[in-house]
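This is what each chain is made of:
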Amino acid sequence: MFTHSIGRRTMKQYESSLPVFHINQFFNGPAVATGIFQDRSGKVVNRFIMYLLGTWQTDSVGSLSEKFLFLDNDGKATHAERLWQLQVTGAHKFTATAQGSAGDIVGLAQGEAEGFAMRWRYTVRQPVGKRFFNLRVDDWMYLIDKDHVVNRSKMRFLGFFVGDVSIEIHRLADTPENRKAMLQLPCVGDAVPV
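Keep in mind it's a predicted model, so treat the numbers as computed, not measured. (Residues numbered from 1 in each chain as written. Predicted model: local features only at pLDDT ≥ 70, side-chain atom pairs only at ≥ 80, totals over all residues. Heavy atoms only, no water.)

Take the overall build of the chain next. The number of helices and strands found in the chain is two helices and ten strands. What you see for the chain is a C-alpha radius of gyration of 17 Å, in line with the 16 Å of a compact globule of 194 residues. With the principal axes as the frame, the chain shows a C-alpha extent of 50 × 40 × 35 Å. Buried positions account for 41% of the 194 residues belonging to the chain. Considering only contacts in the chain between residues 6 or more positions apart, those separated by 24 or more positions represent 44%. As displayed, the chain offers around 11,200 Å² of accessible surface, 55% of which is attributable to carbon and sulfur atoms. With 23 positive and 19 negative side-chain charges, the chain shows a spacing of 7 Å between the two charge centroids. (Helix = DSSP H or I, 4+ residues; strand = E, 2+ residues; numbered from the N terminus. Rg over C-alpha atoms; globule rule 2.2 N^0.38 Å. Buried < 20%, exposed > 50% of the residue type's maximum accessible area, 1.4 Å probe, protein only. Contact = heavy atoms within 4.5 Å. Areas by Shrake-Rupley, 256 points an atom, 1.4 Å probe, with all protein chains shown as cover. Lys, Arg positive; Asp, Glu negative; His and termini not counted. Charge placed at Lys NZ, Arg CZ, Asp CG, Glu CD.)

This part covers unusual backbone geometry. Leaving glycine out, the prevailing phi sign among residues is negative, and the prevailing peptide bond configuration is trans. Here Leu 18 and Pro 19 are connected by a cis peptide whose omega angle stands at 0 degrees. Counting through the fold element by element, Pro 19 comes out in the segment before helix H1 (23–26).

Let's shift gears to the pattern of salt bridges. For the coordinates displayed, the defined rule picks out ten salt bridges. Here Asp 174 ties to Arg 179 by a salt bridge, and the two come within 2.7 Å at their closest N and O atoms. Linked by salt bridges that have partners in common, Lys 93, Glu 112 and Arg 121 make up one network. (Salt bridge = Lys/Arg side-chain N within 4 Å of Asp/Glu carboxyl O.)

With that settled, consider the sheet that holds strand S7 (residues 117–128). Reading around the circumference, S1-S2-S3-S4-S5-S6-S7-S8-S9-S10 is the order of the ten strands in this closed barrel, with antiparallel pairing throughout. Taking the axes of each pair of neighbouring strands and ignoring which way they run, one obtains an average angle of 25 degrees across the sheet. Pairing of strand S3 (residues 61–72) with strand S4 (residues 77–88) involves eleven bridges; the strand directions are antiparallel. From the neighbouring strand, Lys 67 faces S4, where its bridge partner is Glu 81. (Pairing = 2+ DSSP bridges. Axes fitted to C-alpha atoms, helices over the stretch in contact; angles between N-to-C directions.)

Right, let's get into the confidence of the model for the chain. For the chain, per-residue confidence averages 91 on the pLDDT scale, and 96% of positions sit at 70 or higher. Long-range and interchain partners of residues 1–6, a stretch whose pLDDT sits below 50, account for zero contacts in this model, where long-range means more than four residues apart. (pLDDT = per-residue confidence, 0-100.)

Moving on, we come to the packing of aromatic side chains. By the definition in use, this model includes 15 aromatic pairs. Measuring from centroid to centroid gives 5.8 Å for Phe 48 and Phe 70, while their planes differ by 55 degrees, and the two rings are tilted. Here Phe 48 is found in strand S2 (residues 44–56), whereas its partner Phe 70 is found in strand S3, with 22 residues between them in sequence. Judged by relative accessible area, which is 9%, Phe 48 ranks as buried. Taken together, a centroid distance of 5.1 Å and an interplanar angle of 10 degrees make the contact between Phe 68 and Phe 70 stacked. (Phe/Tyr/Trp six-rings, centres within 6.5 Å; stacked < 30°, edge-to-face > 60°.)

A separate point is the environment of Gly 90. Along the chain, the position of Gly 90 falls in the loop between S4 and strand S5 (93–99). C-alpha of Gly 90 to C-alpha of Glu 112: the two residues are 22 residues apart in sequence and 9.1 Å apart in space.

Attention now goes to the pairing of strand S9 (residues 148–157). Where strand S8 (residues 131–145) and S9 come together, nine bridges link them in antiparallel fashion. Paired with Trp 140 across the strands is Arg 152, a residue of S9. Linking S8 back to S9 in an antiparallel pair, the connection comprises two residues. The hairpin turn running from S9 into strand S10 (residues 160–171), its antiparallel successor, is two residues long, and Leu 158 in that turn takes a positive phi close to 50 degrees.

Attention now moves to the side chain of Asn 24. For Asn 24, the location among the structural elements is in helix H1. In this view, Asn 24 contacts Trp 56 and Asp 59; residues no more than four positions away in its chain are not counted.

What follows covers the side chain of Asp 164. Summarising the element assignment, Asp 164 is placed in strand S10. Of note is the side chain of Asp 164, whose polar atom sits 2.9 Å from the side chain of Lys 154. Setting aside anything within four residues of it in sequence, one finds Asp 164 in contact with Ile 36, Phe 37, Gln 38, Arg 152, Ser 153 and Lys 154. (Polar contact = N/O pair within 3.5 Å; in protein donor to acceptor, adjacent residues only side chain to side chain.)

All right, on to the pairing of strand S6 (residues 104–114) then. Pairing analysis gives four bridges linking S5 to S6, with the strands arranged antiparallel. When the sheet's bridge partners are listed, Ala 96 is paired in S6 with Ala 109. Linking S5 back to S6 in an antiparallel pair, the connection comprises four residues, with Gly 100 at a positive phi of about 155 degrees. The turn joining S6 and S7, which pair antiparallel and follow one another in sequence, is formed by two residues; a positive phi near 55 degrees is taken by Gly 115.

Below is the structure:
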């Protein structure tokens, strides 16, 4: 007979893992992400491409631009943007604020990192049609290598689970052309930069 104990994930579980995830290194320069949103039944209801550009004024103060192309199951495309203001507050801690048409962060996002894992917790004011909903997000990122991250997020509304987000992020060569490209909105039919 096998028994299986399911516990809560904690950052301590990853403290000695490698490689070490430094927010100001991975999110510095251009990157591209692709992802899906699954509703609470597991059905994929949205796909997206995201262009990212991170810039750091110091080792502890930076910004991260996100440009989205969302595709629903009917093929309808919509664009959105968000700009994060990031601050490293300690060896394994950071905070952020963010605004944009992809949803403003309500209050302060809290982040922590240990080993190859990073966790964000925040509330996003998510636009849905002409209404807005405050969704609580538990966002886990896992550094695969210096250029690749897998991101899994769980979203809740009033404590009830509403869906999962799965994202693959990869860094691009830090060239002037790639930096310029990441400031544009992704378009339907464009090849995703690699």
